[in-house]
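Examining the three-dimensional arrangement
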Number of protein chains: 2
Amino acid sequence: MSENEFPHSFLTGSDAPLERRRRTGGRGADRLRKGPGNSKYLNLVNTMEKSTVLTDDALEAIHNASLTILEEIGMDVILPEARARMKAAGADVTPGTDRVRFDRGLIMDMISSVPSGFTMHARNPIRNVEIGGNNLVFAQIASAPFVADREGGRRAGNQEDYRKLVKLAQSYDIIHTTGGYPVEPVDIHASVRHLDCLSDMVKLTDKVFHCYSLGAQRNLDALEIARIGRGITAEQMEREPSLFTIINTSSPLRLDGPMLQGIIEMSSRNQVVVVTPFTLAGAMAPVTIAGAVVQQNAEALAGIAFTQMVRRGAPVMYGGFTSNVDMKTGAPAFGTPEYMKAVIAGGQLARRYKIPYRTSNTNASNTLDAQAAYESVLSLWALTQGGGNFIMHAAGWSEGGLTASFEKFVLDVDMLQMVAEFLKPLDVSEDALGLDAVREVGPGGHYFGTAHTLARYERAFYSPILSDWRNFETWTEAGRPTTYDHANRVFKEKLNEYERPPLDPAIEEELDAFVARRKAEGGVPTDF
Amino acid sequence: MSENEFPHSFLTGSDAPLERRRRTGGRGADRLRKGPGNSKYLNLVNTMEKSTVLTDDALEAIHNASLTILEEIGMDVILPEARARMKAAGADVTPGTDRVRFDRGLIMDMISSVPSGFTMHARNPIRNVEIGGNNLVFAQIASAPFVADREGGRRAGNQEDYRKLVKLAQSYDIIHTTGGYPVEPVDIHASVRHLDCLSDMVKLTDKVFHCYSLGAQRNLDALEIARIGRGITAEQMEREPSLFTIINTSSPLRLDGPMLQGIIEMSSRNQVVVVTPFTLAGAMAPVTIAGAVVQQNAEALAGIAFTQMVRRGAPVMYGGFTSNVDMKTGAPAFGTPEYMKAVIAGGQLARRYKIPYRTSNTNASNTLDAQAAYESVLSLWALTQGGGNFIMHAAGWSEGGLTASFEKFVLDVDMLQMVAEFLKPLDVSEDALGLDAVREVGPGGHYFGTAHTLARYERAFYSPILSDWRNFETWTEAGRPTTYDHANRVFKEKLNEYERPPLDPAIEEELDAFVARRKAEGGVPTDF
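Residues numbered from 1 in each chain as written. Chains lettered and ligands numbered in written order. Predicted model: local features only at pLDDT ≥ 70, side-chain atom pairs only at ≥ 80, totals over all residues. Heavy atoms only, no water.

1. So, the overall build of chain A
Where we set the bar: A run of H or I in DSSP counts as a helix once it spans at least four residues, and a run of E counts as a strand once it spans at least two, with each numbered from the N terminus. Here the globule rule is a power law, 2.2 Å times the number of residues to the power 0.38, and the radius of gyration is based on C-alpha atoms. Only protein chains enter the accessibility calculation, which uses a 1.4 Å probe; a residue is then buried when its area is under 20% of its type maximum, exposed when over 50%, and partly exposed in between. In what follows, residue pairs with any heavy atoms lying within 4.5 Å of each other are defined as contacts.
Counting its secondary structure elements, chain A contains 18 helices and 20 strands. Taken against the 2.2 N^0.38 rule, which gives 24 Å for 528 residues, the C-alpha radius of gyration of chain A at 24 Å falls within 12% of a compact globule. In terms of principal-axis extent, the alpha carbons of chain A reach across some 85 × 60 × 45 Å. Of all 528 residues assigned to chain A, the portion counted as buried reaches 67%. At a minimum sequence separation of 6, the contacts of chain A that also span at least 24 residues come to 77%.

2. A few points about the pattern of salt bridges
Convention followed: One speaks of a salt bridge when a side-chain nitrogen belonging to Lys or Arg is within 4 Å of a carboxyl oxygen belonging to Asp or Glu.
Tallied over the full model, the rule gives 76 salt bridges over all chains. A salt bridge links E72 of chain A to R439 of chain B; its shortest N-O distance comes to 2.3 Å. Highlighted residues: E72 of chain A in helix α1 (residues 56–73) and R439 of chain B in helix α14 (residues 435–441), drawn from two different chains. E510 of chain B is the partner of R227 of chain B in a salt bridge, and the nearest nitrogen-oxygen pair spans 3.2 Å. Of the two residues, R227 of chain B sits in helix α6 (residues 216–230) while E510 of chain B sits in helix α18 (residues 505–520), which places them 283 residues apart along the sequence.

3. A few points about helix α1 (residues 56–73) of chain B
Threshold: A helix is expected to span 1.5 Å multiplied by its residue count minus one.
Given a rise of 1.5 Å per residue, 18 residues ought to cover 26 Å, and the 25 Å separating the end C-alpha atoms of α1 of chain B matches this to within 8%. Immediately beyond the C-terminal end of α1 of chain B, within one or two residues, lies G74 of chain B, with a positive phi of roughly 80 degrees.

4. Overview of the sheet that holds strand β1 (residues 44–45) of chain A
Residues and elements named next belong to chain A. Stated formally: Any two strands between which DSSP finds at least two bridges are classified as paired.
Strand order in the open sheet made by the 8 strands is β1-β7-β18-β17-β15-β13-β11-β10, with mixed pairing throughout. In this open sheet, the two edge strands, each paired with only one partner strand, are β1 and β10 (209–210). Pairing analysis gives 3 bridges linking strand β7 (residues 135–140) to strand β18 (residues 390–395), with the strands arranged parallel. The residue bridging Q140 from the neighbouring strand is A395, located in β18.

5. Points about the packing of α6 of chain B against helix α8 (residues 257–268) of chain B
Residues and elements named next belong to chain B. Counted only if it meets this: Lines fitted to C-alpha atoms define the axes here, with helix axes fitted over just the stretch in contact, and angles between the N-to-C directions of these axes take values from 0 to 180 degrees. The labels follow the angle: roughly parallel below 35 degrees, roughly antiparallel above 145, roughly perpendicular from 65 to 115, and oblique for the rest. Two helices crossing with the near one rotated counterclockwise from the far one by less than a right angle form a left-handed crossing, whereas a clockwise rotation gives a right-handed crossing. Here the term charged refers only to Asp, Glu, Lys and Arg, the term nonpolar to Ala, Val, Leu, Ile, Met, Phe, Trp, Tyr, Cys and Pro, and the term polar to all other amino acids, Gly among them.
Between α6 and α8, the least distance of the axes is 9 Å, while the angle of their chain directions is 30 degrees. It follows from the interaxial angle that α6 and α8 lie roughly parallel. α8 is crossed by α6, and the crossing has right-handed handedness. Along its contact with α6, which presents A216, N219, L220 and L223, the element α8 presents Q261, G262, E265 and M266. Residue composition of the contact of α6 with α8, by class: 4 nonpolar, 3 polar and 1 charged.

6. Observations concerning the relation of the copies chain A and chain B
As a reminder, the rule being used: The copies were overlaid with a least-squares fit restricted to C-alpha atoms from residues scoring a pLDDT of at least 70 in each copy.
When chain A is fitted to chain B, the residual RMSD is 0.0 Å, and the transformation amounts to a turn of 180 degrees plus an axial shift of 0.0 Å. Taken together, the rotation and translation relating the two chain copies correspond to the operation of a two-fold axis. Among all residues of chain A, the minimum C-alpha distance to the rotation axis is found for A370 of chain A, at 2.1 Å. Both copies contact each other with a shared surface, as 100% of the interface residues of chain A are interface residues in chain B too.

7. Quick notes on the state of the cysteines
Residues and elements named next belong to chain A. Formally: Here, two cysteine sulfur atoms that lie within 2.5 Å of each other are counted as a disulfide.
This model, assessed by the stated rule, comprises 0 disulfides over all chains. The thiol of C211 is not disulfide-bonded; the next cysteine sulfur, from C197, is found 13 Å away. A residue is classified by how much of its surface remains accessible, and C211, at 1% relative accessible area, is buried.

8. Topic: the interface of chain A and chain B
Note the threshold: Summed over both partners, the accessible area (1.4 Å probe) lost when two parts come together is defined as the buried area. Side-chain atoms alone can form a polar contact between residues adjacent in sequence; in general such a contact is a pair of N or O atoms within 3.5 Å, and within protein one must be able to donate a hydrogen while the other accepts it.
Taken together, the contact between chain A and chain B spans 109 residues of the former and 109 residues of the latter. When the two sides are added together, the surface that chain A and chain B hide from each other amounts to roughly 9,100 Å², 72% of it contributed by carbon and sulfur. Linking chain A with chain B are 4 salt bridges, by the criterion used here. Counting every contact that joins chain A to chain B gives 38 residue pairs in polar contact (both at pLDDT 80 or more). A class-by-class count of the residues in the side of chain A that touches chain B yields 60 nonpolar, 28 polar and 21 charged.

9. Some thoughts on empty space enclosed by the protein
Residues and elements named next belong to chain A. Rule in force here: The way it works is a 1 Å grid over only the protein atoms, where trapped points that fit a 1.4 Å probe form a cavity and open points with protein on both sides within 12 Å along at least five of seven lines form a pocket, and then any residue with an atom within 4 Å of a point lines it. Grid points are joined across faces, edges and corners, and a volume is the space filled by probe spheres set on the points.
Taken as a whole and assessed by the stated rule, the structure comprises 13 cavities of 30 Å³ or more. Put simply, the parts of the chain that give the lining of the largest cavity at least two residues each are β6 (129–132) and β7. Here the lining of the largest cavity gets 3 residues from one element, more than from any other, and that element is β7. Within the lining of the largest cavity, the residues separate by chemical class into 7 nonpolar, 4 polar and 4 charged.

10. With respect to the packing of aromatic side chains
Heads up, the rule is: Pairing of aromatic rings covers Phe, Tyr and Trp, the last counted by its six-membered ring, and requires centre-to-centre distances within 6.5 Å; plane angles under 30 degrees mean stacked, over 60 mean edge-to-face, and any other angle means tilted. Two thresholds decide whether a charge sits over a ring: the Lys NZ or Arg CZ must be within 6 Å of the ring centre and within 35 degrees of the ring normal.
This structure, assessed with the given rule, holds 30 aromatic pairs over all chains. Ring plane angle 70 degrees and centroid distance 6.0 Å describe the contact between F321 of chain A and F334 of chain A, whose orientation is recorded as edge-to-face. Highlighted residues: F321 of chain A in the loop between β15 (316–319) and β16 (322–324) and F334 of chain A in the loop between β16 and α10 (337–353), separated in sequence by 13 residues. Feature note: the residues F278, F321, F334, Y339 and W397 of chain B constitute an aromatic cluster, connected by ring pairs. We note R154 of chain A situated over the ring of F146 of chain A; from NZ or CZ to the ring centre the distance is 3.9 Å.

11. Topic: the pairing of strand β13 (residues 272–276) of chain B
Two faces belong to every sheet, and in a regular strand the side chains alternate between them. Residues and elements named next belong to chain B. The element β13 is largely enclosed, with a buried count of 5 among its 5 residues. A two-sided burial pattern is seen for β13, the buried positions comprising V272, V274 and T276 on one face and V273 and V275 on the other. Relative to β13, strand β11 (residues 243–248) is paired through 5 bridges, and the arrangement is parallel. Bridge pairing links I246 to V274 in β13. Pairing of β13 with strand β15 (residues 316–319) involves 3 bridges; the strand directions are parallel. Pairing of V274 across the sheet is with M317, part of β15.

12. Some thoughts on the sheet that holds strand β20 (residues 403–405) of chain A
Residue and element names in this part refer to chain A. Here 4 strands make up an open sheet; going across it, the order is β9-β8-β20-β19 and the pairing mixed. What marks the edges here is a single partner per strand, and that holds for β9 (153–156) and β19 (397–398). Sheet analysis places strand β8 (residues 146–149) next to β9, joined by 4 bridges and oriented antiparallel. The partner of A148 across the bridge, within β9, is R154.

Keep in mind these numbers describe shape, not what the thing actually does.
Here it is as structure tokens:
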């Protein structure tokens, strides 16, 4: 069982012909770095008072239990270099084993140097994202092995669908960053997949992107692609975090080699690490939500502490991904009441440590039905009220993360925009209170024609993408479309309207040359 | 445009043959007053810290603007007796008109005697509901002119569907009370409809019910039916509120005759009045949410103040029903970001006045699709975080309230239960923290077989009614059912399982005799 944030590189892929890259020629393209036409969903801030499910005492009890786990049981750390670094930092490494125990003082000392906020830099500065505090950032679905739309059904991921999903991520400002491959394109051989995929991230979007930690070479290639994309030096990039990686612990209580290597490569260069245990209560974690959160917290703190052992002050996020399983089948469940509590508890812990908080917009439905919507909105409720800063899988996640759904992507965009509108401060100016309009209309009148209404009606309310508010008769004449039908139409329209964001031709040339050279070198070794 | 809480008595109805009442004979049935088998959703309490969208200053600005409206513009009060009572209480009645203006001191004085909480008494005491404070009470959909299920489609309301919906309300503990007629049974003549419908409320449920305020005689009949149902004297009933009525203002700034009469009949007998303006921003209220809430507050305060002019200390609730319209078509919209803010602002106002707060679970979808779910959960989010005490239309509302949907009823029950589970305090006992289980499993293990899991797995998590968590293959083999399919199956199963709650045969006899007598008298006069 996995969070499905790992690329499914174990799936056999084959080299596909590369799309011929269009060269548009010419240098000096600062003029091309235009902002999006409609930027009202950039830089979201959530000033809503955060909800809690833990009293101060309960929060401390969970904190202390986590530290007891790290001190007494410890973690299995499956990389000699990582164990050596941990030992050097003062951890207790049992010789001849993978086991590392961490004194609670050591953990808290390491945690103390984590920045409470930072900026992730995009190649288009208007797309920079602020992480931490009250900031709220949405990332697209990542790492689904399957992709689905209504006509094509559910199928294995491929490059064409990968590109379409990346284009959709570019098409909406509410999607602040991509987050890994929205679907795993198994038609590209795993040895060079990261080169094609990340090159596409630079070309098809101007947003911050993610690199998988699957061995140092992939990290290094990703770092170089991010640097080229921004057109900066390695030194500037080290000052300006521009790339992020998700580090999943292997619950319970293990950190695998590629993950540890990812922390070393990324943190040492001041890039962003998101440490996320995937603690399903009753499977890889205790069956109680409190127990699962204790274990989540222990694993997250261990990973976060390691980032600071690699480099003090390196940017890192606290990831929470505790949910429950269906105890009848063992299937993971998402967007449940238990998930909501875990999300809010995770937010309390992250705020206790003053570390930016990553969580997810989840559901377990196999299709775009009411369940897909209610589990997602319950997730959004919890992560908004719980103070999530960085929301993975915010749009497109279907089937518990196994499928990237084109229609669900649009549904989620609409719901994320509604959350953003909800979070916008209510206008309570004298003018908004509208006493003059009430005086004008008086008892028994109507507001449609008043000056107060006419001056505002066009922008007064959020205009949803999908909600069908037509009356029953008109809706029936239109063939009784459901949200699924509307979403199916909209994603295709949006893809038709897609335009590549401007990219300095010199950057594109350098990027293509890098990818070509690395391919000529064979990419990264694989066993197939 | 109306809230659709009014019975649609303007629809032509015809007398339908009355179902032959079964008499089960015998007296003395206290033994029959059994509690429900599974009572975990009775007496819900919401201890979550309440969210706010208004600063203290903004709250006062809205409060003051409302009082300015009542002082300066006033309300049209379309009932001479009500104007006379208001005048006697100190209001400024303009002779020869309906206009009444209220000094802000008078309003605040009247508001001061409203009880901050009270009990509504059901014929089965285990169904009593606590109103106010942190209590959370869910009422079924009310007043839809249409009813729908998948097979039967959308059709005008009738007695058979009315009874089915009432039976469903009885079948789930999370539905704490019915709330008006779930659908308007237009096949019963309007002159006697209330007699049949309320008699059914007593027989088919043991929960608190509602009476429409459509003239004093209907109120008086309802009061008598509620008294008979409880088997108590009029004096006891006056001490124990047992019946509630929704009073909709006729926005903007009007109180109609039947509504005012309803307040007089109900408040004078210490029964429960829920004053609810239906202030659609841009239609019957200013186009700004703040302005619409100002007007809502003015109208609510006027109605609430009148209850106290009728009888100091009479139980009353502050109703909020501010939403926006689709400015392209004028159609009402529900479960929108604007609705969410209005719900939370209304909660702040109600808490400022220490009056129990009534709000609603809404959506505008014409079918059971993702929209129906996301608009509903956005409503539930706002009303839970905003501190709603009494939630009308909590289950079954479809098509902006025009249709009572059998499938939506079940979907809502599931979602309400999820809200209840979310609100349950998280167990953070030593045992729940699970350190011993973590010690037992250790790094790389699994929790399925541990003693900690085995002791808890059966009741560890909420088991949803509808969510389909099967994997894609199993779900495909099952024919790819959606939430709609599951809800369709479940409501029919639930109706098959329905059993009448025990009722003292003497009470049933008295009830039938009353209804027969009132029918013989012609019920209430109508103009058709």
